[in-house]
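# Structure assessment
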Amino acid sequence: MKTLLKGGTVVSAAASRAADVLIEGEKILAVGENLPADGAAVVDVTGKLLFPGFIDAHTHFDLDVCSTTTADNFDTGTRSAIHGGTTMVIDFACPNKGESLQYGLDLWHKKADGRSSCDYSFHMTIDDWNETIKSEIPKMFEQGVSSFKMYMTYPAMMIGDKDLFYALEELKKYGGIAGVHCENAGVIDALIEQHKAAGDVGPSAHPRCRPNPLEAEAVAHLLRIAEVADVPVVIVHLSTKESLAEVAAARARGQKVYVETCPHYLLLDDSRYDQPDYSDSARFVCAPPLRKQADQEALWAALADGTIQTVSTDHCSFTLTQKDAGKGDFTKIPGGLPGVETRGILLYSEGVAKGRIPAEKMAEVLAENPAKLYGAFPRKGILAAGSDADIVVIDPTKTGLITASDQIANVDYTPFEGFRTQGVIEQVYLRGQLADIRPVDVGLFNIGGGNLRHGDGGQRSIELVCGDILRGQLLYLRGDRRNGRGVQFANGSLGNLRFGDGRVLNVRGLDRSHLHLQTAHGTGSQLSCAYRIDGQLAAGDDPRGQLARGNGISFQRVRDSAQRDGGVSARQAVVRVLRHAHGNADSQLF
């Protein structure tokens, strides 16, 4: 089947031009002006910008860290990604010390294969170095892993200067490259000790224990080691103006250095840690921490002049309840922010629309450069004949508002809450197939209203099925009552959840969701719900508010009261889904 995107502006790192894009199957067949339809389905994209599918080369999905697991796995994380225009992610496979690289790679394939809504690949984390690990390096290349990650902080992950040097030399033999987290671990530990001794244990202590010079010192330290090893390196999530100066000095010496930064370092500052409410501050804890506005300005300038090559997210998401683990001890706050869903539109709105960078630079740092750096170009990263038909269509005339209630990510906040955007992502194509990225609000969780293309065939989906629900009364999704957008449940056993326009809602990732339903009438109606997980019935009717359990998911009727609403008697039913671990109800009510 052919599809012709007609009348748009194709954006690449080299230039933007008025051109049509002809798609056949998974590939781009042609890019040019006034292409004939030749039987293709024509999609009018007049006035729209067509970007190559974005690549996020720094995500952490389903990662066990800080005595917990990141909120987004490959199910929710990749759905969130494609909703934001990211058609490929490169996640970090992370074996623990004492585990083999092969074990780590196999484990990450188990986490991702058959569950992802976009294309994906892996970097390999090296947090141990010995003859066994060294012998595994060529096997990683044989399996398509050519980029690696090392840490200069975190005792559980850092390997020290000697082993870092040996690892860089070994990667050089095979043409690989390493990205490095640069912070001075020893001084950070000393500052933490001092702040704790002084009773300074809140989130505001976090940035004071990881000041700008400690990133810059580590960057300079790494670059001198890389100079001796004579290898290129990637500085991941660079955040400070001082570090940029160290990169400039190394390049002046003739070294090849690649730099990555993240949207939160471009757009948020460290005043976020000084808010009186613990949760309002703790949600922004990440490493490196948010910096000053002067650093933001330096990063934008570096992005514009080519000093920075890529903008990734370091998406490492935790719920606010998970962030609560650090009450009384800021070092126990799980560090990381969600961002894979908002990166594209933020860079367009705050960068292109505000004149900080041209659209071509956005295409370069979000698509072409990561594709080239990590071996996916020209299959990815450019809109050209023969490339994968990964396309992001942006309407530059529309405006939007970023809010957690509109997002798919499996977290209950966004660090960019309230940002108003100029420009809206209207369509996303993954290898020629249009992804349905329309958000559907179900309580606190947002679900794409249709099927998404999956990177490697299939996903684990959870479908909500309901029968004889409130006797077919009109139900309203929480937050949508003002505009009257409602949901109609079909009568009969195990009927599907349907919208008024007839669309069937497939609910995915509902292991952390609040489903709020409200009727306009019917105080005597009963509630009856069931879940199907991969086609298998998991939990049954719960008409009297009793807890019904099955296969790791439970229901609980937590509120059932008659109310007066505008003179009309209404019954409100709220179903909360509790996650179970090892057969026991999780203490956290999502």
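Residues numbered from 1 in each chain as written. Predicted model: local features only at pLDDT ≥ 70, side-chain atom pairs only at ≥ 80, totals over all residues. Heavy atoms only, no water.

### What about the side chain of S80?
Counting through the fold element by element, S80 comes out in helix α1 (residues 74-83). Owing to a relative accessible area of 0%, S80 belongs among the buried residues under this scheme. In this structure, S80 is in contact with V340, E341, I408 and A409, ignoring residues within four places of it in sequence. (Helix = DSSP H or I, 4+ residues; strand = E, 2+ residues; numbered from the N terminus. Buried < 20%, exposed > 50% of the residue type's maximum accessible area, 1.4 Å probe, protein only. Contact = heavy atoms within 4.5 Å.)

### Considering the pattern of salt bridges
Counting across every chain of the model gives 27 salt bridges. Taking the shortest distance from any N to any O, the salt bridge between E426 and K48 comes out at 2.9 Å. With a gap of 378 residues between them, E426 in strand β19 (residues 420-430) and K48 in the loop between β6 (41-44) and β7 (49-52) connect regions that are remote in the sequence. Using a relative accessible area of 25% as the deciding quantity, one classes E426 as partly exposed. One salt bridge connects R253 with E227, and the closest N-O pair in it is separated by 3.7 Å. Linking R253 in the loop between α8 (241-252) and β16 (257-261) with E227 in helix α7 (residues 212-229), this pair joins segments that are 26 residues apart in sequence. We classify E227 as partly exposed; its relative accessible area is 32%. Among the charged side chains, a salt-bridge network with shared partners connects E26, K27, D119, R379, K380, D388, D390 and R431. (Salt bridge = Lys/Arg side-chain N within 4 Å of Asp/Glu carboxyl O.)

### Examining the nonpolar core
In this structure, F51, F148, L168, I235, L303, L347 and M362 are the most contacted members of the largest nonpolar core, which totals 106 residues. Looking at which element gives the most residues to this core, the answer is α7, with eight residues. Those residues within four positions of L347 in sequence are excluded, and the remaining contacts are L266, W300, L303, V311, V352, I357, M362, V365 and L366. Within the second largest apolar cluster, 15 residues are counted, among which are I23, V31, L50 and I391. (Core = buried A, V, L, I, M, F, W, Y, C linked by side-chain atoms within 4.5 Å.)

### With respect to the pairing of β7
Remark: a regular strand shows side chains that alternate across the two faces of the sheet. Side chains L49 and F51 of β7 all project onto a buried face; the interleaved residues L50 and P52 project onto the opposite face, where all are buried too. The pairing of strand β2 (residues 9-11) with β7 spans two bridges and is parallel. Paired with V10 across the bridge in β7 is L50. Bridging between β7 and strand β18 (residues 391-401) involves four bridges; their strand directions are antiparallel. The residue of β18 that forms the bridge with L49 is I394. (Pairing = 2+ DSSP bridges.)

### Notes on the sheet that holds β18
Reading across the sheet, the six strands line up as β3-β2-β7-β18-β19-β20 and stay open at both edges, with mixed pairing between neighbours. The strands lining the two open edges of the sheet, one partner per strand, are β3 (16-18) and β20 (433-435). Ignoring strand direction, the axes of neighbouring strands in this sheet form an average angle of 35 degrees. Taken strand by strand, helix α14 (residues 359-373) contacts β2, β3, β7 and β18, and its axis lies near 30 degrees from that of β7. (Axes fitted to C-alpha atoms, helices over the stretch in contact; angles between N-to-C directions.)

### Quick look at helix α11 (residues 293-305)
Taking 1.5 Å of rise per residue, the 13 residues of α11 would be expected to cover 18 Å, and the 19 Å separating its terminal C-alpha atoms lies within 8% of that figure. By the burial criterion, the buried members of α11 are D295, Q296, L299, W300, A302 and L303. The buried residues of α11 occupy one face: seen down the axis, they fall within an arc of 165 degrees. In this structure, α11 carries Q293, E297 and D305 as exposed residues pointing more than 90 degrees from its buried face. Just downstream of α11 lies G306, where phi reads positive at about 90 degrees. (Expected span 1.5 Å × (residues − 1). Arc of directions from axis to C-beta.)

### Section: the packing of aromatic side chains
Tallied over the full model, the rule gives 10 aromatic pairs. Plain terms: the ring middles of Y120 and F122 are 5.8 Å apart, the flat faces sit at 50 degrees to each other, and that makes the pair tilted. Across the pair, exposure class does not vary: Y120 and F122 are buried alike. Here the basic side chain of K111 rests over the ring of W108, its NZ or CZ set 4.6 Å away from the ring centre. Positioned over the ring face of F377 is K372, at 5.0 Å from the centre of the ring. (Phe/Tyr/Trp six-rings, centres within 6.5 Å; stacked < 30°, edge-to-face > 60°. Lys NZ or Arg CZ within 6 Å of the ring centre and 35° of its normal.)

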